[in-house]
Amino acid sequence: MSADFKVCGLSVARGEKLRTYLPIPQSTVRIPITIINGENDGPTILITAGIHGSEYPGIAAAMELGRDIEAKHVNGLLIMMHPVNIQGFWARREFIVPEDGKNLNRVFPGDPCGTLSERIAYLISSNFFSIADFYVDMHSGDIHESLHPYVYYPGQPTPEIEKKSRSIAKVLNMQYMVRSMATGGAYNYAASTGLPSILIERGGAGLCLREDIDAYKDDIRNILRKLKMFSLPVKPHHYSPRDVYNLIYLEALETGCWIHHIHSGDWVEEGQILGEITDVFGETITTYYAEQSGVVLYVCPALSAPKGTILCCYGPIQDDED
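Described in the following lines is the structure provided in the data block. Here the structure is a predicted model, which means the values were calculated and not measured. Residue positions are given per chain, counting from 1 as you read along its sequence in written order. It should be noted that, the model being predicted, local features are given only for residues of pLDDT at least 70 and side-chain atom pairs only at 80 or more, the latter also being counted only at that level, while totals for whole chains, interfaces and linings use all residues. Side-chain measures were taken over the full set of non-hydrogen atoms in the model, leaving aside hydrogen atoms and water.

### Considerations on the packing of helix α1 (residues 56-68) against helix α6 (residues 210-226)
- At a closest axis distance of 8 Å, the pairing of α1 and α6 adopts a crossing angle of 60°. Of the possible angle classes, the one that applies to α1 and α6 is oblique. Of the two elements, α1 crosses α6, and the hand of that crossing is right-handed. Seen from α1, the contacting residues are P57, G58, A60, A61, E64, L65 and D68; seen from α6, they are R210, D212, I213, Y216, K217, I220 and R221.
- Of the residues contributing to the contact of α1 with α6, the split by class is 7 nonpolar, 1 polar and 6 charged. Whenever a helix is involved, its axis is fitted only over the stretch in contact; in every case the axis is a line through C-alpha atoms, and angles between N-to-C directions fall within 0 to 180 degrees. Numbered from the N terminus, helices here are DSSP runs of H or I no shorter than four residues, and strands are runs of E no shorter than two. When an angle is under 35 degrees it counts as roughly parallel; over 145 it counts as roughly antiparallel; between 65 and 115 it counts as roughly perpendicular; any other value is oblique. For any helix crossing, the convention is left-handed if the near helix is rotated counterclockwise from the far helix by under a right angle, and right-handed if that rotation is clockwise. By the convention used here, residues are in contact when the closest approach between their heavy atoms is within 4.5 Å. Ten residues, namely Ala, Val, Leu, Ile, Met, Phe, Trp, Tyr, Cys and Pro, are considered nonpolar, four, namely Asp, Glu, Lys and Arg, are considered charged, and the remaining ones, Gly among them, are considered polar.

Here it is in structure tokens:
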């Protein structure tokens, strides 16, 4: 790390903090960004919050951490964007960037000549992934998702990237983690370029609860301590995450009203009723049963369930190998 850090026209001297906006080319959109250039050498960590604009706790946590952490506390370089999907944030839209109707998390690495979502993704992937030593993407259940805290780490790039990513996931104070074999999403794309990455899930259902914000702040402090970037004390763990595997993402077979019988964090047994889809007169159309025993990571708490809605996600817990 050089004494001065420069990216996308922004410059931050050694031992300084910059809180400003990152302009998106060919648009009037600007992403709030905090860059803390520590007084001492160390790794570079990139943190994004609000790739989905209505997933609030991670956004609030990044805002507060950017306000409270000073350069004297940091070894290395800490970069935080909060929220990335600023347009969706102000519009209170689930998943999408309002200008083009696209899910920003599904368009990485992006396109410099594409739609707004694609230009945002390209700006991040081309300018920030290449300089980072680790990447954390902060999510929550969206407006129609209630979830139990858990973390994804990439399982598909290389064993080395998987090991580095999983080692960071293990320091989080949560019960569950998931080895992802997906290729889509910002963190999976980052991992495919050789950047160890994780995606954290905390909170949801359009809520921004203080306990979720504070837990997220502890997550980030624990990660910074693990990477030897942070000098301030952190809280002790109550949990160390265990792998949940063979996930079933239950989709609604038809449009209807979802009456769920389970909640996030519940343990379900094979054959147990998960819920039912009814018509608007309350008559049952389809009853859904668990295909396997496992823990429920998230559930749709909304009554409205268009066809294809993920109603819940669940899977068994793997014996801890560590």
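### Describing the pairing of strand β9 (residues 134-139)
- For β9, the buried fraction is high: 6 of the 6 residues fall into the buried class.
- To sort residues, take the accessible area from a 1.4 Å probe on protein chains only and compare it with the maximum for the residue type: under 20% means buried, over 50% means exposed, and anything in between is partly exposed. The alternating pattern of β9 places F134, V136 and M138 on one face and Y135, D137 and H139 on the opposite face, and all of these are buried.
- In terms of strand pairing, strand β5 (residues 40-49) meets β9 through 5 bridges, oriented parallel. Its bridge partner lying in β9, I47 is registered against V136.
- Here the rule is simple: two strands pair whenever DSSP picks up at least two bridges between them. In the sheet, β9 pairs with strand β13 (residues 197-201) via 5 bridges, with the strands oriented parallel.

### Digging into α6
- Between its first and last C-alpha, α6 extends 24 Å over 17 residues, near the 24 Å set by a 1.5 Å rise per residue.
- The complete set of buried residues in α6 reads D212, I213, A215, Y216, K217, D218, D219, I220, N222, I223 and L224.
- Of the surrounding secondary structure, the elements contacted by the buried residues of α6 are β5, α1, β6 (75-81), β9, α4 (159-169) and β13.
- Looking at the residues trailing α6, positive phi occurs at K228, about 60°. Helix span, expected: 1.5 Å multiplied by one less than the number of residues in the helix.

### Notes on the sheet that holds strand β18 (residues 273-278)
- Spatially, β19-β18-β16-β21 is the arrangement adopted by the 4 strands of the open sheet, whose pairing is antiparallel. Edge positions in the sheet fall to β19 (284-289) and β21 (304-305), since each has one partner strand and no second.
- Two elements, β18 and β19, share 5 bridges in a ladder whose sense is antiparallel. Bridge assignment links G275 to a residue of β19, and that residue is Y288.

### Some remarks on the pattern of salt bridges
- We count a salt bridge whenever a side-chain nitrogen from Lys or Arg sits within 4 Å of a carboxyl oxygen from Asp or Glu. Under the definition given, this model contains 12 salt bridges.
- A salt bridge links D68 to R67; its shortest N-O distance comes to 2.7 Å.
- Among the ionic pairs, R179 bridges to E162, the shortest N-O distance being 2.8 Å. Of this pair, R179 sits in strand β12 (residues 176-180) while E162 sits in helix α4, and the two are 17 residues apart along the sequence.
- Judged by its relative accessible area of 39%, R179 falls in the partly exposed class.
- Taking relative accessible area as the criterion, E162 reaches 17% and is therefore assigned buried.

### Regarding the sheet that holds β13
- One open sheet accounts for 9 strands, arranged β3-β4-β6-β5-β9-β13-β11-β12-β14; its pairing is mixed. Each edge of the open sheet carries a strand with a single partner, namely β3 (16-23) and β14 (242-243).
- Bridging between strand β4 (residues 30-37) and β6 involves 5 bridges; their strand directions are antiparallel. Note that in β6 the partner of T34 across the bridge is M80.
- Each of β3, β4, β5, β6 and β9 is contacted by α1, which is oriented at about 140° to β3, the strand it contacts most.
- Here α4 sits on the sheet in contact with β9, β11 (150-154), β12, β13 and β14, set at roughly 165° to β11.

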